[in-house]
Amino acid sequence: MIIVTSGHVDHGKTALLQALTGTNTAHLPEEKKRGMTIDLGYAYLLVGDKVLGFIDVPGHEKFLVNMLAGLGGIHYAMLIVAADEGIQAQTKEHLAILRQLQLEQILVVITKSDRVSSQQIDDIQSQIKSDYPFLKNSPFFVTSATTNQGIDELREFLTALPNLADSTKPFRYAIDRIFSVKGAGTVVTGTAFSGKVNIDDELYLCHGEKVRVKAIHAQNLASEQGLAGQRLALNINTDVDRALIERGNWLFSELPPKPTERITVQLTAETALSENQPVHIYHAASRTVGKLGLLNVKSAIPNEQVYAEIILEKPLFLTFGDKLILRSGDNKTLVAGARVLDIHSPKRHKRSEVRLNFVANLAQAEDSAQRVALYLQDQAISAADIRWVEQVTDAQLADILKQNKQIRFQDWCFNGDYQRTQNTKILTALGLYHEQHPDQIGVAKARLHRMAALNQPEKLIYHFIDELIDSGQLAQNRGWLHLPEHKLIFSSDESALWKLVLSEFVKAEGQPLWVRDLANNLGIGEAQMRNFLYKAGKLGYLMPIVKDRFFLTETLYAYAKRVKEKIAEQGEITVNQLRDELQFGRKLTVQLMEYYDRCGFLRRKGNAHILRDADVFDN
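Residues numbered from 1 in each chain as written. Predicted model: local features only at pLDDT ≥ 70, side-chain atom pairs only at ≥ 80, totals over all residues. Heavy atoms only, no water.

> Account for the overall build of the protein chain, naming residues and giving values.
Of the regular secondary structure elements, the protein chain holds 19 helices and 32 strands. Relative to the 2.2 N^0.38 estimate, which gives 25 Å for 619 residues, the radius of gyration of the protein chain is 35 Å and therefore markedly larger than a compact globule would have. C-alpha extents for the protein chain along the principal axes are approximately 120 × 55 × 45 Å. Out of the 619 residues in the protein chain, the part that is buried amounts to 53%. Pairs at least 24 residues apart make up 65% of the contacts formed inside the protein chain by residues separated by at least 6 positions. Just so you have it, the protein chain exposes about 28600 Å², and 47% of that area is on carbon and sulfur atoms. (Helix = DSSP H or I, 4+ residues; strand = E, 2+ residues; numbered from the N terminus. Rg over C-alpha atoms; globule rule 2.2 N^0.38 Å. Buried < 20%, exposed > 50% of the residue type's maximum accessible area, 1.4 Å probe, protein only. Contact = heavy atoms within 4.5 Å. Areas by Shrake-Rupley, 256 points an atom, 1.4 Å probe, with all protein chains shown as cover.)

> Which residues make up the packing of helix α14 (residues 492–508) against helix α15 (residues 515–522), and what values do they have?
Where α14 meets α15, the axes come as close as 11 Å, and the angle between the chain directions of the two elements is 115 degrees. Between α14 and α15, the crossing angle belongs to the class labelled roughly perpendicular. Read as a crossing pair, α14 and α15 show a hand that is right-handed. Across from Leu497, Leu500, Val501, Glu504 and Phe505 in α14, the residues of α15 making contact are Leu518, Asn521 and Leu522. Looking at the contact of α14 with α15, its residues break down into six nonpolar, one polar and one charged. (Axes fitted to C-alpha atoms, helices over the stretch in contact; angles between N-to-C directions. Parallel < 35°, antiparallel > 145°, perpendicular 65-115°, else oblique. Left-handed = near helix turned anticlockwise from the far one by under 90°. Nonpolar A, V, L, I, M, F, W, Y, C, P; charged D, E, K, R; others polar.)

> Quick rundown of the pairing of strand β16 (residues 260–269)? Include the residues and the values.
The buried fraction of β16 amounts to nine of the ten residues, a majority that puts the element mostly inside the structure. Two elements, β16 and strand β19 (residues 305–316), share eight bridges in a ladder whose sense is antiparallel. By the bridge assignment, leucine 267 is partnered in β19 with valine 306. In the sheet, β16 pairs with strand β21 (residues 334–342) via six bridges, with the strands oriented antiparallel. Of the residues in β21, the one forming a bridge with alanine 269 is alanine 336. (Pairing = 2+ DSSP bridges.)

> Explain the sheet that holds strand β24 (residues 412–414) to me, and be specific about the residues and the numbers.
Pairing is antiparallel in the open sheet, where three strands are placed in the order β22-β24-β23. Edge positions in the sheet fall to β22 (381–382) and β23 (407–409), since each has one partner strand and no second. The pairing of β22 with β24 spans two bridges and is antiparallel. Residue pairing across strands places isoleucine 381 opposite cysteine 413, the latter belonging to β24.

> Go over the packing of aromatic side chains with me, naming the residues and quoting the values.
Counted by the stated rule, this structure contains 23 aromatic pairs. A ring pair is formed by phenylalanine 252 and tryptophan 388, whose centres lie 5.0 Å apart and whose planes are at 85 degrees; its orientation type is edge-to-face. With phenylalanine 252 in strand β15 (residues 250–252) and tryptophan 388 in helix α9 (residues 383–390), the pair connects residues that are 136 residues apart, well separated along the chain. Residue classification places tryptophan 388 among the buried positions, given a relative accessible area of 9%. Linked through ring pairs, Phe193, Trp250, Phe252, Phe317 and Trp388 together constitute an aromatic cluster. It is arginine 99 that lies over the ring of phenylalanine 134; its NZ or CZ is 5.6 Å from the centre. Over the ring of tyrosine 462 we find lysine 445; its NZ or CZ atom is 5.4 Å from the centre of that ring. (Phe/Tyr/Trp six-rings, centres within 6.5 Å; stacked < 30°, edge-to-face > 60°. Lys NZ or Arg CZ within 6 Å of the ring centre and 35° of its normal.)

The structure is reproduced here in structure tokens:
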């Protein structure tokens, strides 16, 4: 567990930590020279089987950036106030930041008590409670690093604090330092936001590269395992150049998605805010600039809680509930604290009533199960996306879906209402097609997807189609999908004629036949033969590749299989290659290729053709 100490410069933070832990956190030569903490200093206290970590953040205004980097993933803080000086400028700013981060508890520690009277100490405590009502119920400790007054009591209280970081979630680790150790290689340090890591575990850098953990120091002690809420130094084995690993990078137990650049947040204003303004954004050890836009109001007054959108100049790896600190465009003033609600803020309709209700419901949801129900109320979302935004494992997601009575197919999660809506669209689209094309038996699966649910996941819609077929709500004839009531059948005379026509195709040995030739061969009028052959086509027995020239359906399927095999070998196929493969003339080969293009099986790319939808001729 990590506890942050903050306060004005020279108010005794470093001395207090040395009294508590025996460690001087002024670790950098420049810090010792100047007598102030510039970068983040760390100290550790071993009590029984628990190791408390302390971050001594800089108090000087110039070093506020480092202070903000130290506050990611922290649940407790100590506000340090010198008894002989009271609340000062940086005390106020640090306190504002701690309040905006909505920490579980802020302890107020009065230092240098040996320099003032007890009455002065009482006055300072009264002033703090009066000026900052949110600290009214906070524990107060009066200490002196010189006389050790209050040190034991403070240490005992800190030791009893529970660790609120969640080790059951996926591992998520913010890097704030990178260096090399002779004989060990690359070492990174940072805070584990969640999860746990063991020696030999493979992790992912936020860029996507894999690393292996060779050694772990947790809370400054060699360990086999690092846990959420701990300060960790990880010795990693990686092919990535150390210079490419930067402060602000992350390590994850799962491959992360692309970082987000447009987010929706719940924002608490520290100063008056206008509808749109530039801001500096701080998240863990990351920092960027962006544009802040209020969503449900035109302006905000201090302490008002509103919804806002932030468009980031540099995308960040954010998840639900992450805390941000926002400073003014000139980076001189704290303007707000924010909690991330949605990492995929829409570009359009972001202020609509529907959207704002969704955002409000997200903000009020009590747990992941309630939020997942909101995510899936009218759409399907990949399991990977849900696991990331909620920071849950696959097993935890399965429990959530079971609790919510939601469904998962492969990587897609959805609810029953979504499937019913898509099924209705599929059946309605097919019914409309039958009305407009009564002479056609149906459509291919890929075309039905484009007709009914173009913007929905293809594999998921195919799954719904398959289930509709299994339940009898859809029918399939030689690969063509149609409603069960939409049927074409041969009469008894036509069935007899079909046997004669089929024998002619068998004699043709894979070649197509013209209407005129079949009519002449069988002594039937050309118009009658034409009508018969097109009806056979509707039934799926024949396919016209051009007007009045037919292939047997199974022949076209066989040729399509050979085309797919060729494309699998070489990535594409040309007319000449297909001509040589089938031993056809060029004109017939062009007709066949163009037919495959028209029906969506192939797509022309320059002088060659590539697969567009391999499923068209799979059935």
